Amino acid sequence: MTNTMTKSTLITDRDAQNHPVASHDEWLVERKALLTREKELTRLSDQVAAARRALPWVRIDKNYLFDTPDGQRTLGELFDGRRQLLVQHFMFAPDWEQGCPSCSFMADHMDGMTAHLAQRDVTFTAISRAPLADITKFRARMGWQFNWASSRRSDFNYDFRVSFTPVETAKGEIHYNYGPWPHAFDEWPGISAFYKNDQGAVFHTYSTYARGVEAMMGTYKLLDLAPKGRSERNVDHKMEWVKHHDRYETAAQNDADTQGAVDKQFSSVPKNACH
């Protein structure tokens, strides 16, 4: 989780000083060429989105129960009267003192979106295995308003392959992101989508894991437009720079103190868990 960066894997300010410079007309030629590729990518993204919506659905017959601020609720009740539900599988295990920094990075983008999602018949909620009291405390610390439920009473996390039992992790390989996964940790991130029909039946329509969760990371989309891009080191744990938004410190000692506490807590959790 260090913030160390190497010049060989980043576009540094020195690199920027030596960056090619062209006239406006020369730049425009290359920009239009790139625009052609961007349009191809946009059209491909639309095609993939259509294929995603065309996937068959799986009816949910299991009675999952969740702890919420409004009491115990079923999966169907988490829809809050809408037909569509998006779930962030937020990495927050029962014995953790705080939620995953990378999942928190994802969640930081949500409060501004929920009103707009509601206008398109979509409810959003985060779900974690941590007890509701721990979730409530951490949610207040982070200043979030979105819904967040505890799945500690059910197999929900295990069934949707974002939490793994000690028996599974002891094998050194788990089944995550629709295949064998060599990083055998007990928590991993994901996003799942559900639909509820007029009769109240709930269907699982889609889940995405690993880098698929970048769908919630609007910051990355803007960084991809910036001259230096994401500025991440070329290492397995590319999200090592991400901290809880209230832990970005300017004083070196404060930074070291808080980082040490986070490192201790997440010593058994992959630092690129959401990447």
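Residues numbered from 1 in each chain as written. Predicted model: local features only at pLDDT ≥ 70, side-chain atom pairs only at ≥ 80, totals over all residues. Heavy atoms only, no water.

### Comments concerning unusual backbone geometry
Moving on, step 1. Positive phi values are uncommon outside glycine, yet Asp80 reaches one of about 55 degrees.
Moving on, step 2. Looking at the element boundaries, Asp80 is found in the loop between strand E3 (71–74) and strand E4 (84–89).
Moving on, step 3. For Asp80, a relative accessible area of 35% gives the class partly exposed.
Moving on, step 4. Backbone geometry at Asp121 places phi at a positive 65 degrees, although glycine is not the residue there.
Moving on, step 5. Counting through the fold element by element, Asp121 comes out in the loop between helix H4 (114–119) and strand E5 (122–128). (Helix = DSSP H or I, 4+ residues; strand = E, 2+ residues; numbered from the N terminus. Buried < 20%, exposed > 50% of the residue type's maximum accessible area, 1.4 Å probe, protein only.)

### Quick word on the packing of aromatic side chains
Moving on, step 1. Applying the stated criterion to the full structure yields 27 aromatic pairs.
Moving on, step 2. With a centroid separation of 5.0 Å and an interplanar angle of 75 degrees, the aromatic rings of Tyr176 and Trp181 are classed as edge-to-face.
Moving on, step 3. Through pairs of rings, three or more aromatic residues link up here, namely Phe90, Phe92, Phe124, Phe138, Trp144, Phe146 and Trp148.
Moving on, step 4. Sitting over the face of the ring of Tyr206, Arg52 holds its NZ or CZ atom 5.1 Å from the ring centroid. (Phe/Tyr/Trp six-rings, centres within 6.5 Å; stacked < 30°, edge-to-face > 60°. Lys NZ or Arg CZ within 6 Å of the ring centre and 35° of its normal.)

### Comments concerning helix H5 (residues 132–142)
Quick reminder: α-helices carry 3.6 residues per turn. Residues three or four places apart thus point the same way.
Moving on, step 1. Restricting attention to buried positions, one finds in H5 the residues Leu132, Ile135, Phe138 and Met142. Projected down its long axis, H5 shows its buried positions confined to an angular sector of 130 degrees, all on one face. Of the exposed residues in H5, those oriented more than 90 degrees away from the buried face are Ala133, Lys137 and Ala140.
Moving on, step 2. Where the residues of H5 are buried, they touch strand E2 (65–68), helix H3 (101–107), E5 and strand E6 (147–150).
Moving on, step 3. Once H5 ends, the next one or two residues include Gly143, with phi positive near 75 degrees. (Arc of directions from axis to C-beta. Contact = heavy atoms within 4.5 Å.)

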